[in-house]
Amino acid sequence: MPYALVLPGWLWLAIFFLVPVLTLLSVSTMTGSLSSGFTQTFDFGNYADGWDKYHVVFIRSIVYGLVATAICLLIAYPVAYWIAFRGGQYKSSLLFLILLPFFVSFVIRTQAWDVVLEDNGPVLSALRHIGIGDWHLISQDTRILQTSYAVVGGLVYNFLPFTILPIYVALERVDPALLEASSDLYASKAAAFVRVVLPLSLPGVFAAVLLTFVPVSSDYVNASILGGAGNTMVGSGIYTEYITNGNYPVAAALSFLLMAVLLVGVFVYARMLGTEDALEMAAG
Amino acid sequence: MIPTPPDAPRPGLSPDLLRGLTESRISRRRMLGLGGLSVLGLAAGCSIPPAVQSGIGSSRTEVAKFWAKQKPTKQLNFANWSLYIDVDPKNENKHPSLDLFTKDTGINVTYREVIADDDSYFGKIQPILANGQGTGYDLMVITNGRYLDQLIDLNYLIPLDQSRMTNFYDNAGPLAQNPSFDRGNTYSMAWQSGITGIAYDPKLTKRKITSWQDLLDPKFSGRVGMFGDTEDLPNSAIVAIGAKPETSTPADWEKAAAWLRKQRPLVRKYYEQDYIEPLTKGNIWLSMAWSGDVFQANASSGSKLEFVIPDEGGVIWTDNMCIPRHAQNPVSAMTYMDYVYKPEIAAMIAEYVNYITPVPATQQLIRKDAAAASGEDRAGLLDIADSPLVYPPESAFSRLHRYRVLSGDAEMKRWNNLFEPIYQS
Amino acid sequence: MTTLDEPPTDRIARTDTAPRPRVPRRRRNLRRHALPVWSGLVILWLFIPIFAMIAYGFNDNPNRINFEWKGFTLRWYRELFAIDDLTTALVNSLTIAVIVTVISTVLGTFIGLALGRYKFRGSGSVSLLMFANIAAPEVVLGASLLSLFLTAGVPRGYLTIVLAHVMFSLAYVAITVRARVAGADPSLEEAARDLGAGPITTFRKVTLPTIMPGVMAGALLAFALSIDDFIITNFNNGSTLTFPIWVYQQARKTGGSVPQQVNVMGTMIFFFGIALAVAGAIYNRRKKV
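Residues numbered from 1 in each chain as written. Chains lettered and ligands numbered in written order. Predicted model: local features only at pLDDT ≥ 70, side-chain atom pairs only at ≥ 80, totals over all residues. Heavy atoms only, no water.

Undergrad: Sorry if this is basic, but what is going on with the overall build of chain B here?
TA: Scanning chain B from N- to C-terminus turns up 17 helices and 11 strands. Accessible surface computed for chain B: about 17900 Å², of which carbon and sulfur atoms make up 55%. (Helix = DSSP H or I, 4+ residues; strand = E, 2+ residues; numbered from the N terminus. Areas by Shrake-Rupley, 256 points an atom, 1.4 Å probe, with all protein chains shown as cover.)

Below is the structure:
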């Protein structure tokens, strides 16, 4: 019975996810050119070529990813905690409120930030007024757009729900009786948090990191809308090699390299947390 | 290291789940083994076929045979860049020259401004044409340079029907006739040409800009715009270091790339078509630019930008009409291509587009229109007719250079790997 | 997504046997308010672009070159379909999203049901598959699918977009439904079977209503993911336009300004989302009887 249920979906994913990823792996070791075609030569040089050309962008993407994920965690945890423990009957409404902005296309939302953060837009004009005499909070020349701050800010903004939700789910499962027990044992609120709630929420934190770090590092749209010279991310490199240069093997090699690095990083993190079954938690 | 309470009930971790975990580990291993085998199998078998298509034929007779089989139709699907055709001032969606065409020939035109840059448009149509399928368009406008070269080499274009090009041969100027990138106009007819130079806002730069080296001035740090592409950016850099792109050597390319790398810290962003707005808003003070854009920006937003062909020289390019293979209405495409070489029609387009029109006779026509108009309209039309950016004098051409033609995959790869990282990293 | 049938979180019970440490009143109030204030600020921040978008839908400024506010107008609401390509792109996005939602909800619900309700060999690898699909970077998903289409010679367009969208939303529906199923009580279905109901009847009359909130949540998620997708679509759309792609291309062409119709459409999609969720909540409340 379960097999009949699983089969259609499994087939779909097998054909349009598994096989393509395997095809990608296969393309990454091909040689050739657009006009003469590509044949399999088991040439791993494409990985070296991709790294040579894009290692700066690659490392930058990982760095932006780490920074953005860290910021997301810091912002998301208190919010998730508040909804899970203090939300009461309004829990679903609050969650809904958090998710509501994301019903609008993220291209529109990021474009809107492009307008709001304009050099002479509302935010910067207001900030320029802050000052006494000769001292100003920001100089006349300061800009937000086309800096890494804008890109990381955009990334944090666009992926925050991916961080909030898993942490919320984990926190929500925490049995309030545990907190009762800890206060019965004279633990302060802070201690109760650090020694009871936080460890129990770790699988959720892990899932949040996974679901945030991976998409953030591989995003390139935020960088192209809000970023400038020196802010590009590896996703655009992959797109360029595919669509502009028609250099499929290097493009495929880059994609694989990215996925490998991200997933390895995540597994290492899982080991560090000591939560091997966090994977099951995350998948569940 | 945060200690996990050993005996605390972990939510959701039931004995069943533990069993499930151990079960899955075994089948995971089996999955990996199966995966490995299938990878090898797939890998050995897969390949991506060559993109080159068999041509229609290079000899006159073969081309004539092709065209003899084509029947006239009542539809034309035209893909173009944005802001590249005349527009009805009262309705953005209407184009008077297209309406006139429909009235004169009965052919209905679907006009789509789908081309944002050659890179991505080529990237979109290449796989489709490689498959032997149609792009959905009968007519498209592609810049001379690597993409047009590739389209020709891969046999993705239909050779033109020379018998349907009377207006062209009567009225086309020297820039359009028999260009170096398409001898005999076998595959293309010029739509508009343009110059890549520098545009700037004199109020913000506080001085005249005259040279490519001005883009290296530390006073403009963070206020410089450049193009993020493999055509204008590298070729302009080659001009900036004093070489001629058409005859440049790989050593020149290295020098040009070094120049660009030196300039990078000053650049705010590597733009595509979208540099003109930041320029009018003051986000950037000077930028690599296309000659016609400044005209249009000043006209529509009241800005006072200036465009200059730098002392070292500028780059001249031509956007060309061409017909992709498997077009449904090739005869309509030919009809239209020749139609726009009628001076009256070319003038309609030139009055709006402000790039270098391929029909020199339009200059007189525009002057006549100016004489018949008055006030602002008259001044605007005279501006166009008298502008060296729309009708460059002979002397200007000595300072204008064509793109480097890249032959072969090795050259293209080298070029790409040298210049793409400049704006991609 | 949680439903409203959760008991309210218990406040920490005070016992009389242990004296509580005395905390000065003011500090306790401040700490109490820190969390809500923070969360309120975050929510406000999340809505800034939305407010900007709704506001610009009323901006009487057709000029594409600058963003200044030029007065209030309903013009863009009237001229909503003035730009043909934009309208086509929006229609494409909506129709694709509907088709994708239907297919992935059905397929995903089945998988979620199977994973949550039954224990079977291979359930672990199916879980892993779902998980890998969700965790994989969009760029890789899009690029690999493109590789497949290239080697198989499949032309890219509307169909390939649908195939791609179902591929990445399936797993989200599956895990949403599974979470719901795992928490539900199987004894109801046992009871139905004891009373002689066949599997299909059991499914229709007992299982489905029980998991319906999860299915609805999954469907909503699939719809939102499909209508907003950019990266995977960008690799596999050929020349078919969807709403996010049109907006992005337009912004690249003009340096950031998009026609105000885009803001109006975004506003309408936004309120549509509210309407859907409200409808879902009402449906839930009624079903609780």
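Undergrad: When you look at the nonpolar core in this model, what are you seeing that I'm missing?
TA: When a protein is soluble and globular, its nonpolar side chains tend to lie buried together. Judged by nonpolar contacts, the single largest core of 294 residues is most densely connected at Tyr 242 of chain A, Trp 191, Met 226, Met 321, Tyr 336 and Tyr 341 of chain B together with Phe 235 of chain C. By residue number, the principal contributor to this core is helix H2 (residues 45–86) of chain A, which donates 18 residues. When residues no more than four places from it in sequence are discounted, the contact partners of Phe 235 of chain C are Tyr 220, Ile 238, Tyr 239 and Tyr 242 of chain A together with Val 139, Gly 142, Ala 143, Leu 146 and Arg 156 of chain C. (Core = buried A, V, L, I, M, F, W, Y, C linked by side-chain atoms within 4.5 Å. Buried < 20%, exposed > 50% of the residue type's maximum accessible area, 1.4 Å probe, protein only. Contact = heavy atoms within 4.5 Å.)

Undergrad: Help me out: how do you make sense of the pairing of strand S8 (residues 286–290) of chain B in this one?
TA: All names here are of chain B. Among the five residues that make up S8, five are buried, leaving the element largely enclosed by the rest of the structure. Bridge analysis of strand S6 (residues 224–227) against S8 gives two bridges, and the strand direction is parallel. Paired with Gly 225 across the two strands is Ser 287, which belongs to S8. (Pairing = 2+ DSSP bridges.)

Undergrad: What am I meant to see in the confidence of the model for chain C here?
TA: As a note on interpretation, predicted positions should not be read in detail where pLDDT is low. All names here are of chain C. The predicted model of chain C has a mean per-residue pLDDT of 78, with 82% of residues at 70 or higher. For chain C, the element scoring lowest by mean pLDDT is helix H2 (residues 75–78), at 74; helix H3 (residues 84–117) scores highest, at 88. Under a pLDDT of 50 for its full length, residues 1–15 has, in the predicted model, 30 contacts with residues more than four places off or in other chains. Two numbers describe this predicted complex: its pTM, 0.81, and its ipTM, 0.82. (pLDDT = per-residue confidence, 0-100.)

Undergrad: Please explain the sheet that holds strand S2 (residues 37–40) of chain A as it appears in this structure.
TA: Sheet strands pair by backbone hydrogen bonding; their relative direction is either parallel or antiparallel. Spatially, the three strands line up as an open sheet ordered S1(A)-S2(A)-S1(B), and their pairing is antiparallel. Each end of this open sheet is capped by a strand with a single partner; those strands are strand S1 (30–33) of chain A together with strand S1 (47–48) of chain B. As defined by bridge partners, S2 of chain A adjoins S1 of chain B across two bridges and the pair is classed as antiparallel. Its bridge partner being in S1 of chain B, Phe 38 of chain A is matched across the sheet by Ile 48 of chain B.

Undergrad: What should I look at first to understand a nonpolar patch on the surface in this one?
TA: Residues and elements named next belong to chain A. Taken together, Leu 7, Trp 10, Leu 11, Ile 15, Leu 18 and Val 19 make up a surface patch of nonpolar side chains, about 470 Å² in accessible area. Its place among the elements puts Leu 11 in helix H1 (residues 2–27). With a relative accessible area of 42%, Leu 11 lands in the partly exposed category. (Patch = residues over 30% accessible without salt bridge, like charges linked within 9 Å, V, L, I, M, F, W, Y side chains within 5 Å. Salt bridge = Lys/Arg side-chain N within 4 Å of Asp/Glu carboxyl O.)

Undergrad: Sorry, what's going on with the interface of chain B and chain A here?
TA: Listed as interface residues are 50 residues of chain B and, on the opposing side, 55 residues of chain A. Summed over both sides, the interface of chain B with chain A buries roughly 4300 Å², with 58% coming from carbon and sulfur. Where chain B packs against chain A, one counts four salt bridges. A salt bridge links Arg 223 of chain B to Asp 119 of chain A, with the nearest nitrogen and oxygen atoms 3.5 Å apart. The interface formed by chain B and chain A contains 15 residue pairs in polar contact (both at pLDDT 80 or more). For the side of chain B that touches chain A, the elements supplying multiple residues, two or more each, are helix H1 (15–45), S1, helix H4 (118–130), helix H5 (146–153), strand S7 (267–271) and helix H17 (408–424) of chain B. Residue classes in the side of chain B that touches chain A are distributed as 26 nonpolar, 12 polar and 12 charged. (Buried area = accessible area lost by both parts, 1.4 Å probe. Polar contact = N/O pair within 3.5 Å; in protein donor to acceptor, adjacent residues only side chain to side chain. Nonpolar A, V, L, I, M, F, W, Y, C, P; charged D, E, K, R; others polar.)

Undergrad: What should I look at first to understand the pattern of salt bridges in this one?
TA: A pair can form between side chains of opposite charge whenever their charged atoms are brought close. Per the counting criterion, the structure on display carries 14 salt bridges over all chains. Asp 214 of chain B is the partner of Arg 207 of chain B in a salt bridge, and the nearest nitrogen-oxygen pair spans 3.1 Å. Accessibility expressed as a relative area gives 11% for Asp 214 of chain B, which makes it buried. With a closest N to O distance of 3.3 Å, Glu 277 of chain B and Lys 281 of chain B form a salt bridge. Placement of the pair is Glu 277 of chain B and Lys 281 of chain B together in helix H10 (residues 276–281), with a separation of four residues, close to one helical turn. Side by side, Glu 277 of chain B and Lys 281 of chain B carry an identical accessibility label, which is buried. Residues participating in the shared-partner salt-bridge network are Lys 53 and Glu 241 of chain A together with Glu 420 of chain B.

Undergrad: Honestly, the interface of chain C and chain A in this entry has me stumped. Any pointers?
TA: Facing the 94 residues of chain C at the interface are 91 residues of chain A. In this assembly, chain C packs against chain A so that about 8300 Å² is buried in total across both faces, 78% of it on carbon and sulfur atoms. Applying the counting rule to chain C against chain A returns one salt bridge. A salt bridge links Arg 109 of chain A to Asp 228 of chain C, with the nearest nitrogen and oxygen atoms 3.7 Å apart. Between the two partners, chain C and chain A, sit seven residue pairs in polar contact (both at pLDDT 80 or more). Counting residues per element, the side of chain C that touches chain A draws most heavily on helix H1 (residues 25–56) of chain C, which supplies 16 residues. Class assignment of the residues belonging to the side of chain C that touches chain A gives a composition of 69 nonpolar, 15 polar and 10 charged.

Undergrad: What should I look at first to understand unusual backbone geometry in this one?
TA: All names here are of chain B. In this model, Leu 83 sits at a positive phi of 55°, which is unusual for a non-glycine residue. Within the element layout of this structure, Leu 83 appears in the loop between strand S2 (75–81) and helix H3 (96–105). Residue classification places Leu 83 among the partly exposed positions, given a relative accessible area of 45%.

Undergrad: Would you mind going over the packing of H1 of chain A against helix H5 (residues 138–152) of chain C with me for this structure?
TA: What describes two packed helices is the angle between their axes and the distance between those same axes. With their axes 8 Å apart at the nearest point, H1 of chain A and H5 of chain C run at an angle of 80° to one another. On the basis of the axis angle, H1 of chain A is roughly perpendicular to H5 of chain C. When H1 of chain A is examined against H5 of chain C, the residues Ile 15, Phe 16, Phe 17, Val 19, Pro 20, Val 21, Thr 23, Leu 24 and Val 27 of chain A are found in contact with a partner set consisting of Val 140, Leu 141, Ala 143, Ser 144, Leu 145, Ser 147, Leu 148, Phe 149 and Thr 151 of chain C. (Axes fitted to C-alpha atoms, helices over the stretch in contact; angles between N-to-C directions. Parallel < 35°, antiparallel > 145°, perpendicular 65-115°, else oblique.)

Undergrad: What's the story with the environment of Ala 410 of chain B in this structure? I'm lost.
TA: Residues and elements named next belong to chain B. You can see Ala 410 is positioned in helix H17. Accessibility expressed as a relative area gives 63% for Ala 410, which makes it exposed. In this structure, the C-alpha to C-alpha distance between Ala 410 and Asn 131, residues 279 residues apart in sequence, is 24 Å.

Undergrad: What is the right way to look at helix H4 (residues 106–116) of chain A in this model?
TA: Burial runs high along H4 of chain A: 11 of the 11 residues are buried. Here H4 of chain A has its buried residues at Phe 106, Val 107, Ile 108, Arg 109, Thr 110, Gln 111, Ala 112, Trp 113, Asp 114, Val 115 and Val 116 of chain A.

Undergrad: Explain the environment of Trp 67 of chain B to me, please; I cannot follow it from the model alone.
TA: All names here are of chain B. Mapped onto the elements, Trp 67 comes out in helix H2 (residues 60–69). Its relative accessible area of 4% is what places Trp 67 among the buried residues. Trp 67 sits 211 residues away from Pro 278 along the chain, and the two C-alpha atoms are 47 Å apart.

Undergrad: Teacher, can you tell me more about helix H8 (residues 232–240) of chain B here?
TA: Owing to its 3.6 residues per turn, the α-helix aligns residues three or four sequence positions apart on the same side. All names here are of chain B. Burial analysis of H8 places nine of its nine residues in the buried class, which makes it a mostly covered element. Buried residues of H8: Asp 232, Leu 233, Pro 234, Asn 235, Ser 236, Ala 237, Ile 238, Val 239 and Ala 240, and no others. Among the residues trailing H8, Gly 242 stands out with phi positive, at a value near 95°.

Undergrad: Can you help me understand the pairing of S2 of chain B in this one?
TA: As a general feature of sheets, a regular strand has side chains that alternate between the two faces. All names here are of chain B. Buried residues dominate S2, accounting for six of its seven residues. Across six bridges, the pairing between S2 and strand S3 (residues 108–115) is parallel. Of the residues in S3, the one forming a bridge with Leu 76 is Val 109. Traced from S2 through H3 to S3, the parallel crossover comes out right-handed. As paired strands, S2 and strand S4 (residues 139–143) are joined by two bridges and run parallel to one another. Within S4, the residue paired with Ala 79 across the bridge is Met 140. (Right-handed = clockwise from strand over helix to strand, strands pointing away.)

Undergrad: Help me out: how do you make sense of the side chain of Ser 236 of chain A in this one?
TA: Relative to the assigned elements, Ser 236 of chain A resides in helix H10 (residues 234–244). If sequence neighbours within four positions are ignored, Ser 236 of chain A has contacts with Tyr 220 of chain A together with Gln 424 of chain B.

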